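A look at the structure
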Amino acid sequence: MLQLKIITSAIINVLFPAECPACKTRSAKFPVPICERCTQDISSSSSLPSTSSFYLAKILSCRPYDGTLKQCIRQFKYHRTERMILVFDELIKKTYLKNKHSLNDIDIIVPVPINKHKKRLRGFNQAEILAQVLGNTLSLPVPSANLKKIKKTIPQAGLSKEKRINNLIKAFSIREPLLIKEKHILLVDDVMTTGATLDTCAKELLKAGAKSVTGFTLARTL
Ligand SMILES: [Zn+2]
């Protein structure tokens, strides 16, 4: 039944290409949800040098949070276009290959959590899906829901870095510290803005016994 549904959507899409959410032309060919031009635009835009924060010695991001990628991330997050993961998968693999040396010692992958109300509303946690893609690429485990968001915080957008940090006080907790003890962790999120969320999560992970935390985001605000 599911296969029939997929075949039917593929045929409909060949006859009537879907609208590309990034450039709004009717040229997206199934199963990739954006058009070829936008796909090329994402893969050809310049990659970013790594950065760091107080608790993370290294943060890798695939691309700047702007243009086509920004629209793809918003479409994925707020309109639940799950096939967008095909676009992100490619980007993640490229960034991984370029930074293989700095990811050699990673033991496990941990997604940045969202609180359960938000997850219920959105239907998924985008960071968890990206962490699964990285888990497949690096052949590493992604233990589920070990780092949890336990506090409902106000939206970070529009807040200064200091206010963001205050907003996140006591927001996260670790369910099973034994799973992360002595481990080198790759902490994954969709977008890095000031780095306050990544840094607060890394602090919790280190406090619980992690050996090191490296950050990985799909995009970074410049
Ligand atoms: Zn397009």
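To be clear, the structure that these remarks concern was listed above.
Residues numbered from 1 in each chain as written. Predicted model: local features only at pLDDT ≥ 70, side-chain atom pairs only at ≥ 80, totals over all residues. Heavy atoms only, no water.

Using the criterion set out here, one finds three aromatic pairs in the structure. A ring pair is formed by Phe 54 and Tyr 55, whose centres lie 4.9 Å apart and whose planes are at 75 degrees; its orientation type is edge-to-face. Overall, the relative accessible area of 70% leaves Phe 54 in the exposed class. Its relative accessible area of 29% is what places Tyr 55 among the partly exposed residues. Taking the centre distance of 5.3 Å and the plane angle of 80 degrees together, the rings of Phe 76 and Phe 88 count as edge-to-face. With Phe 76 in helix α3 (residues 67–78) and Phe 88 in helix α4 (residues 85–98), this pair connects stretches of sequence that are 12 residues apart. Per residue, the accessibility class of Phe 76 equals that of Phe 88, and both read buried. A network of ring pairs unites the aromatic residues Phe 76, Phe 88 and Phe 124 as a single cluster. (Phe/Tyr/Trp six-rings, centres within 6.5 Å; stacked < 30°, edge-to-face > 60°. Buried < 20%, exposed > 50% of the residue type's maximum accessible area, 1.4 Å probe, protein only. Helix = DSSP H or I, 4+ residues; strand = E, 2+ residues; numbered from the N terminus.)

On to unusual backbone geometry. Even without being a glycine, Ser 139 presents a positive backbone phi close to 50 degrees. Topologically, Ser 139 is positioned in the loop between α6 (126–138) and β5 (147–149). Given a relative accessible area of 62%, Ser 139 falls into the exposed group. We note that Glu 182 has phi near 65 degrees; this positive angle belongs to a residue other than glycine. With respect to the helices and strands, Glu 182 occurs in the loop between β6 (172–174) and β7 (184–192).

Now for the packing of α4 against α6. Closest axis-to-axis distance for the α4/α6 pair is 10 Å, and the angle between their directions is 50 degrees. With respect to α6, the axis of α4 lies oblique. Relative to α6, the crossing made by α4 is right-handed. Contacts between α4 and α6 involve Ile 85, Phe 88, Asp 89, Ile 92, Lys 93 and Tyr 96 from the former and Ile 129, Leu 130, Val 133, Leu 134, Thr 137 and Leu 138 from the latter. Its residues assigned to classes, the contact of α4 with α6 comprises nine nonpolar, one polar and two charged. (Axes fitted to C-alpha atoms, helices over the stretch in contact; angles between N-to-C directions. Parallel < 35°, antiparallel > 145°, perpendicular 65-115°, else oblique. Left-handed = near helix turned anticlockwise from the far one by under 90°. Contact = heavy atoms within 4.5 Å. Nonpolar A, V, L, I, M, F, W, Y, C, P; charged D, E, K, R; others polar.)

Here we take up the pattern of salt bridges. A full pass over the atoms with the stated rule returns five salt bridges. The salt bridge partner of Lys 77 is Asp 190, with a shortest N-O separation of 2.8 Å. Remark: Asp 190 occurs in strand β7 and Lys 77 occurs in helix α3; sequence separation between them is 113 residues. With its nearest N and O atoms 3.6 Å apart, the salt bridge here joins Lys 211 to Glu 182. In this pair, Lys 211 is assigned in the loop between α8 (196–207) and β8 (212–220) and Glu 182 in the loop between β6 and β7, connecting sequence segments 29 residues apart. You'll find Lys 211 and Glu 182 in the same group, each marked exposed. (Salt bridge = Lys/Arg side-chain N within 4 Å of Asp/Glu carboxyl O.)

Another point: α3. Given a rise of 1.5 Å per residue, 12 residues ought to cover 16 Å, and the 17 Å separating the end C-alpha atoms of α3 matches this to within 8%. Considered for burial, the residues of α3 that qualify are Thr 68, Leu 69, Cys 72, Ile 73, Gln 75, Phe 76 and Lys 77. A positive phi of about 50 degrees marks Arg 80, the residue just after α3. (Expected span 1.5 Å × (residues − 1).)

For the rest of this paragraph, the subject is the sheet that holds strand β4 (residues 108–111). Strands sit in the order β3-β8-β7-β4 across an open sheet of four strands; the sheet is parallel. Strand pairing shows two members of the sheet lacking a second neighbour, β3 (58–64) and β4, which therefore form its edges. Put simply, the sheet's adjacent strands are angled 20 degrees from each other on average, direction ignored. Where β7 meets β8, eight bridges bridge the pair, whose relative direction is parallel. Within the sheet, the bridge partner assigned to Val 188 lies in β8 and is Phe 216. Along the sheet, α3 makes contact with β3, β7 and β8, crossing β8 at roughly 100 degrees. Against the sheet, α8 makes contact with β3, β7 and β8, and its axis sits at roughly 160 degrees relative to β7, the strand it touches most. (Pairing = 2+ DSSP bridges.)

It is at 10 Å that the axes of α3 and α4 come closest, and there the two elements cross at 130 degrees. As the angle between them shows, α3 and α4 are arranged oblique. Here the hand of the crossing between α3 and α4 comes out left-handed. Of the residues in α4, those in contact with Leu 69, Cys 72, Ile 73 and Phe 76 of α3 are Ile 85, Phe 88 and Leu 91. Looking at the contact of α3 with α4 residue by residue, the class counts come to seven nonpolar, no polar and no charged.

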